[in-house]
Amino acid sequence: MSPPYTDSCPSVKNILLLDSEGKRVAVKYYSDDWPTNGAKEAYEKAIFTKTQKTNARTEAEITMYENHIIVYKFVQDLHFFVTGSEDENEMILATVLQGFFEAVGLLLRGNVEKREALENLDLILLCIDEIADGGIILETDPNVIAGKVASNSLDSASSLSEQTLSQALATAREHFTRSLLK
Amino acid sequence: MLGHNSQSEYSPFLGIEKGAVLQEARVFNDPQLDARRCSQVITKLLYLLNQGETFTKIEATEVFFAVTKLFQSRDIGLRRMVYLMIKELSPSADEVIIVTSSLMKDMNSRTDMYRANAIRVLCRITDGTLLTQIERYLKQAIVDKNPVVASAALVSGIHILQTNPEIVKRWSNEVQEAVQSRAALVQFHALALLHQIRQNDRLAVSKLVTSLTRGTVRSPLAQCLLIRYTSQVIRESGNNTQTGDRPFYDYLESCLRHKSEMVIFEAARAITELNSVTTRELTPAITVLQLFLSSSKPVLRFAAVRTLNKVAMTHPMAVTNCNIDMESLISDQNRSIATLAITTLLKTGNESSVDRLMKQITNFMSDIADEFKIVVVDAIRSLCLKFPLKYRSLMNFLSNILREEGGFDYKKAIVDSIVILIRDIPDAKESGLLHLCEFIEDCEFTYLSTQILHFLGVEGPKTSDPSKYIRYIYNRVHLENATVRASAVSTLAKFGAAVDSLKPRIFVLLRRCLFDSDDEVRDRATLYLNTLGGDGAVVETDKDVKDFLFGYFDIPLVNLETSLKNYEPSEEPFDINSVPKEVKSQPLAEKKAPGKKPTGLGAPPSGPPSTEDAYERLLSSIPEFANFGKLFKSSPPVELTEAETEYAVNVVKHIFDRHVVFQYNCTNTIPEQLLENVTVIVDASEAEEFSEVLSKPLRSLPYDSPGQTFVAFEKPEGLPTVGKFSNVLKFIVKEVDPSTGEAEDDGVEDEYQLEDLDVVSADYILKVGVSNFRNAWENMDPESERVDEYGLGPRESLAEAVNTVINLLGMQPCEGTEVVPPNSRSHQCLLSGVFIGNVKVLVRLSFGVDGAKDVAMKLAVRSEDESVSDTIHEIVASG
């Protein structure tokens, strides 16, 4: 039995980034509610369908599915989701979601769309890795999250302070895109 | 394969294929590493894993070893991808050893990012044996001046604590230092870890909370955590102090003025969930939640309305101030919010507002999805049970929405609700049955039609004018598919059997069915004509026939199917009595359905709920219990083990007139074990009036397949004898080879201590409600009334006292009198039940409380048997 929420640390059950057809761009699960890939895909399909017709573009939206709370936000053709337990403080989940999509916005230099996300998938995966560890929230400030990811993407050990954040991001992104398209 | 002409289909991973990527991963072995190319290959591998692709054991091992080579590169970006890859591969213990030294080197690197990530990776993949080696570094990292490093160590500590608590507990000093950190998130992680280290030490947690609530907490997340711990301390400190001031309440209230909405909401929610919260405490929390209701953020509106919805269940009056804001939420874009608002309004509404609300909901219903409609239907059903006098408008509402478009689940929810209302509100019966009749005139769901027809067959004949339903039923025979026609034939037969005056007309209708195109319909019609004596004579129906038509089919269908398959045609006819009646996996099924909702059509429409029936059938199928007579009551299962122990055991107490049977439901949760000859050794030395008569062992208990063992006791006839029993599970355990699933031949005898079990007075009283308590009371002989007064001493609250007495007596509260309005000084509670020996008993409880929380109670009992009235007083006097 898990302890009652009041004694437990704020946490998330998964962080999902899907495209406008509900296909995976990047996902990370932290709880054993979905033991198999099939269960995960079924969950993604269910919440994608459930939220598809809502307008989550200006403000983050929220819904419940089974015993989970899902907060979500759509930007262009990308759908961002964060799931928590039904006992979790909704505002905490919303803060994690905001940290996620704003950090992705910084890392993709404002071009928040599926193609850009896939071309920079390493940045997206590192970004998710910096948000939570085993479901425990590590960081929610989008600038800090993006900063940590970007500092990792530099070629040499030269510190971030020598370049501006956007320069660093540009370098990292170009490197990856070029090599991937070879 | 490369069809990337269309812009929308473009993806850098188009046509990616596992085999090819694994080939590419050979670049990891190059003497001159190309960091960029390696990063790119790792990204592709991670992409494959993320899409649900799996690597075989060999593939994973190969990739893992190749990846470890990359520690040679000094490229930070690549290193970061290596960390990610190792975590995703979750290497085995012998593989972990390969990377340990590289990771330990990184843990001591001068680069902060290396230190932080190496800690996270190593702690994620290590199995504990390594921990003592790296413990020193982790302790250092906790107080590292770089907040990312400190957080990494602290969060890893939280994970490790689950498996190796004794090691993490040695870090208390460092963690305590980190709680004072100026870095917001370090403080948050340190607080979480410190609390987990000390969670079993109440005093330490209380001290921690005391010092932090006075000090500075830097991040909203840490503040939320502190609120959770504070609530825990309040909960565990138990009763309020004499002055009525709750310790730490001021802190919670001050958090309502925090600048972060996350904290304000956490505090408001914590206040609403305080044990027996007073209106005065509740008010400031309700006020901030009310403000949130008109926020521009959907998440905040949702959070507020969901919390208020919960508050409305226990303190409906406290939420009524928000009703205007709630009503405007009915048109909220987010339908979850709208539905929560509606159901809250239904809970807070009073009898006079019902009609107005129903009007608003009618408009709302047309534009929400079925799943939300179901929630609303459930809420309306509860409302109707709360205000039975309003059944007319609520029943009308249900029948109106029944006529509108909707899917199966939604229609089923409506039909179930109508059935429950028919069952619980006698006045609603006739109109409810007619609504159902109208519904089946145009019902597209065969399942619902047949269920309703069955229900009509049971309830229809008992109404004042059964003949008016015949038309609707016979119409089905003309208009529907074969399944529905067959079930209509059965229903007609039931009317014929139960109402003699209708018999001739029923025979005419049944004879017409003899020409139906479907076998089953013709067969049924023939069968019923013969059993009912369709040769024209108007005779009273035999008891056997009635049993056949109305009796409960008490054999699990699965068992019947198996027996029929095994039956070989021979001279000897198939004997239905040879089919085993034991229901195999019953306890599991119970766990899945925690009895939350009344099951509507699923359950038999009258009489005891279906679990009782199942128990009765189970017990009657065991010959040893055959002479115990009729089962009076079965208790809900009582857990005798903690959650998640090796063996899970709960017990159901079955009460008979002269016997008590304990049914131990056992589950073996260890895959490597098979238990045999499982019994429970019961020590009844603290239950003197009980004597053990027999014990029925369970022959074998394989993994995860629940089974039952029984112990029966004799007790004085018809008396509510109480006692305490201690239990030990005894069995022979055999090792099971997990690969083959076969058990070894030799077993070892073993025992397992279970918790004690009490048989209490409440076990001898059935919860049976009455719809009109005053009538029932006045119809009971006043001579049987026994009145006395009792002092209950100081209690936590009036509600707590009322609850205690209800639980002690185990009777059914009537007319919602179990709910005590907040701050009341007195309360009246009405209870009804049936005492062992089938004696109806009614109880009127009047409570009063004085300033010192001393509760006094007047208990008046009426019963069909004066001695039972006395017994009730004895129970209260000795309880």
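In the block above lies the structure referred to throughout.
Bear in mind the structure is a predicted one, so any value in this text is a computation, not a measurement.

Engineer: Would you mind showing me how to read the overall build of chain B here?
Structural biologist: A tally of regular secondary structure across chain B gives 37 helices and 17 strands. For chain B, the share of sequence-separated contacts (at least 6 apart) that also reach a separation of at least 24 residues comes to 64%. Summed over all atoms, the accessible surface of chain B reaches about 41600 Å², with 50% contributed by carbon and sulfur.

Engineer: What am I meant to see in the overall build of chain A here?
Structural biologist: Looking only at helices and strands, one finds six helices and seven strands in chain A. Helices (α) and strands (β) of chain A occur, in sequence order from the N terminus, as β-β-α-β-β-β-α-α-α-β-β-α-α. The long-range share in chain A, meaning contacts at least 24 apart out of those at least 6 apart in sequence, stands at 49%. Accessible area of chain A: about 6900 Å², with a carbon and sulfur share of 49%.

Engineer: I would appreciate a short explanation of the interface of chain B and chain A in the present structure.
Structural biologist: Note on interface size: it is often stated as the accessible area lost on association of the parts. Contact residues are listed per partner, giving 61 residues for chain B and 62 residues for chain A. Taken over both partners, the interface formed by chain B and chain A buries close to 5500 Å², and the fraction arising from carbon and sulfur atoms is 55%. A per-residue breakdown of the area chain B buries against chain A is headed by Asn50, Arg228 and Val299 of chain B, which together make up 12% of the total. Where chain B packs against chain A, one counts 10 salt bridges. Note that Lys87 of chain B is salt-bridged to Asp129 of chain A, the shortest N-O span being 2.8 Å. At the junction of chain B and chain A, the tally comes to 19 residue pairs in polar contact (both at pLDDT 80 or more).

Engineer: What is the right way to read the nonpolar core from this model?
Structural biologist: A general trend in soluble globular proteins is that nonpolar side chains are found buried together. With 250 residues, the main nonpolar core has Phe28 and Met365 of chain B as its most contacted residues. Per-element accounting of this core gives the leading share, 11 residues, to helix H2 (residues 90-107) of chain A. When sequence neighbours within four positions are dropped, the list of residues in contact with Met365 of chain B reads Lys373, Val376, Val377, Phe397, Ile401 and Tyr410 of chain B.

Engineer: What should I look at first to understand the state of the cysteines in this one?
Structural biologist: Here, disulfide denotes a covalent bond that connects the sulfur atoms of two cysteines. All names here are of chain B. Taken as a whole, this structure holds zero disulfides over all chains when the rule is applied. Just so you know, Cys224 is unpaired, no disulfide at all, and the nearest cysteine sulfur is the one on Cys255, 8.7 Å from it. What makes Cys224 buried here is its relative accessible area of 0%.

Engineer: Which parts of the structure should I look at to understand the environment of Val638 of chain B?
Structural biologist: Residues and elements named next belong to chain B. Here Val638 lies in strand E2 (residues 638-639). Sequence separation between Val638 and Lys653 is 15 residues; the distance between their C-alpha atoms is 8.5 Å. Those residues in contact with Val638 that lie beyond four places of it in its chain are Val649, Asn650, Val651 and Lys653.

Engineer: Can you walk me through a negative patch on the surface in this structure?
Structural biologist: Residues and elements named next belong to chain B. There is a patch of like negative charges on the surface, built from Glu672, Glu735, Asp737, Glu742, Glu744, Asp745 and Asp746. Mapped onto the elements, Asp737 comes out in the loop between strand E9 (723-735) and strand E10 (748-753). By relative accessible area, Asp737 is classed as partly exposed at 34%.

Engineer: Quick question: what am I supposed to make of the side chain of Glu174 of chain B here?
Structural biologist: Residues and elements named next belong to chain B. Tracing the sequence through the fold places Glu174 in helix H10 (residues 172-179). The buried charged residue Glu174 lacks any salt bridge, with Lys139 as its nearest oppositely charged partner at 4.5 Å. Once residues lying within four places of it in the same chain are set aside, the contact partners of Glu174 are Lys139, Ile142 and Val143.

Engineer: Is there a simple way to explain the environment of Glu281 of chain B in this structure?
Structural biologist: All names here are of chain B. Locating Glu281 in the fold gives a position in helix H16 (residues 279-293). Using a relative accessible area of 5% as the deciding quantity, one classes Glu281 as buried. With 31 residues separating them along the chain, Glu281 and Asp250 place their C-alpha atoms 9.7 Å apart. With sequence-adjacent residues up to four places away left out, Glu281 is seen in contact with Arg246, Tyr249 and Ile271.

Engineer: I keep staring at the pattern of salt bridges and nothing clicks. Help me out?
Structural biologist: It is possible for side chains bearing opposite charge to pair when their charged atoms get close. Counting across every chain of the model gives 54 salt bridges over all chains. Here Lys724 of chain B ties to Asp758 of chain B by a salt bridge, and the two come within 3.8 Å at their closest N and O atoms. Taken as a pair, Lys724 of chain B in strand E9 and Asp758 of chain B in strand E11 (residues 757-759) lie far apart in primary sequence, 34 residues in all. By relative accessible area, which is 30% here, Lys724 of chain B ends up partly exposed. Residues participating in the shared-partner salt-bridge network are Asp129, Glu130, Asp133 and Lys148 of chain A together with Arg80, Lys87, Arg120 and Arg124 of chain B.

Engineer: Just to check I follow, could you spell out helix H12 (residues 202-214) of chain B for this structure?
Structural biologist: With 13 residues, H12 of chain B ought to run about 18 Å at 1.5 Å a step, and its terminal C-alpha atoms sit 19 Å apart, in line with that. Against the buried residues of H12 of chain B lie H10, helix H11 (184-198), helix H13 (220-236) and helix H14 (249-255) of chain B.

Engineer: Hey, could you run me through the side chain of Ser487 of chain B in this one?
Structural biologist: If you trace the backbone, Ser487 of chain B turns up in helix H28 (residues 482-498). In this view, Ser487 of chain B contacts Thr450, Leu453 and Arg524 of chain B; residues no more than four positions away in its chain are not counted.

Engineer: Please explain the packing of aromatic side chains as it appears in this structure.
Structural biologist: Centre-to-centre distance and the angle between the planes together describe a pair of aromatic rings. Residues and elements named next belong to chain B. Applying the stated rule across the entire model yields 24 aromatic pairs over all chains. Judged by centre distance (3.9 Å) and plane angle (5 degrees), the rings of Phe13 and Tyr47 are stacked. Of this pair, Phe13 sits in the segment before helix H1 (18-24) while Tyr47 sits in helix H2 (residues 35-50), and the two are 34 residues apart along the sequence. An identical accessibility class is assigned to Phe13 and Tyr47; each is buried. Here the aromatic rings of Tyr647 and Tyr752 are separated by 5.1 Å at their centres, their planes lie at 90 degrees, and the arrangement is edge-to-face. Placement of the pair is Tyr647 in strand E3 (residues 647-655) and Tyr752 in strand E10, with a sequence separation of 105 residues. Exposure class is identical for Tyr647 and Tyr752. Each is buried. Members of the aromatic cluster, joined through ring pairs, are Phe662, Tyr664, Phe690, Phe713 and Phe725. Across the ring face of Tyr472, the terminal group of Arg471 is positioned such that the distance to the ring centre comes to 4.5 Å. Directly above the aromatic system of Trp777 lies the positively charged group of Arg844, at a separation of 4.9 Å from the ring centroid.

Engineer: Is there a simple way to explain the sheet that holds strand E1 (residues 14-19) of chain A in this structure?
Structural biologist: Two orientations exist for strands paired in a sheet by backbone hydrogen bonds: parallel and antiparallel. Residue and element names in this part refer to chain A. In space, the five strands of this open sheet follow the order E2-E1-E5-E4-E3, with antiparallel pairing throughout. The open sheet is flanked by strand E2 (24-29) and strand E3 (61-65), the only strands paired with a single partner. Across the sheet, the axes of successive neighbouring strands diverge by a mean angle of 20 degrees, strand direction being ignored. Sheet topology places E1 next to E2; five bridges connect them, and they run antiparallel. Bridging across to E2, Ile15 finds its partner in Lys28.

Engineer: Sorry, what's going on with the packing of helix H15 (residues 261-272) of chain B against helix H17 (residues 298-314) of chain B here?
Structural biologist: The axes of two packed helices give the description: the angle between them and the distance between them. All names here are of chain B. As a packed pair, H15 and H17 sit with axes 10 Å apart at the nearest point and diverge in direction by 5 degrees. Comparing the axis directions of H15 and H17 gives the class roughly parallel. Residue-level inspection shows Glu261, Phe265, Arg269 and Thr272 of H15 in contact with H17, the latter providing Leu300, Ala303, Ala304, Thr307 and Val311. Along the lines of polarity and charge, the residues of the contact of H15 with H17 split into five nonpolar, two polar and two charged.

About the criteria used
Residues numbered from 1 in each chain as written. Chains lettered and ligands numbered in written order. Predicted model: local features only at pLDDT ≥ 70, side-chain atom pairs only at ≥ 80, totals over all residues. Heavy atoms only, no water. Helix = DSSP H or I, 4+ residues; strand = E, 2+ residues; numbered from the N terminus. Contact = heavy atoms within 4.5 Å. Areas by Shrake-Rupley, 256 points an atom, 1.4 Å probe, with all protein chains shown as cover. Buried area = accessible area lost by both parts, 1.4 Å probe. Salt bridge = Lys/Arg side-chain N within 4 Å of Asp/Glu carboxyl O. Polar contact = N/O pair within 3.5 Å; in protein donor to acceptor, adjacent residues only side chain to side chain. Core = buried A, V, L, I, M, F, W, Y, C linked by side-chain atoms within 4.5 Å. Buried < 20%, exposed > 50% of the residue type's maximum accessible area, 1.4 Å probe, protein only. Disulfide = S-S within 2.5 Å. Patch = residues over 30% accessible without salt bridge, like charges linked within 9 Å, V, L, I, M, F, W, Y side chains within 5 Å. Lys, Arg positive; Asp, Glu negative; His and termini not counted. Charge placed at Lys NZ, Arg CZ, Asp CG, Glu CD. Expected span 1.5 Å × (residues − 1). Phe/Tyr/Trp six-rings, centres within 6.5 Å; stacked < 30°, edge-to-face > 60°. Lys NZ or Arg CZ within 6 Å of the ring centre and 35° of its normal. Pairing = 2+ DSSP bridges. Axes fitted to C-alpha atoms, helices over the stretch in contact; angles between N-to-C directions. Parallel < 35°, antiparallel > 145°, perpendicular 65-115°, else oblique. Nonpolar A, V, L, I, M, F, W, Y, C, P; charged D, E, K, R; others polar.

So, to be careful, I would describe these as geometric facts and stop short of saying anything about function.
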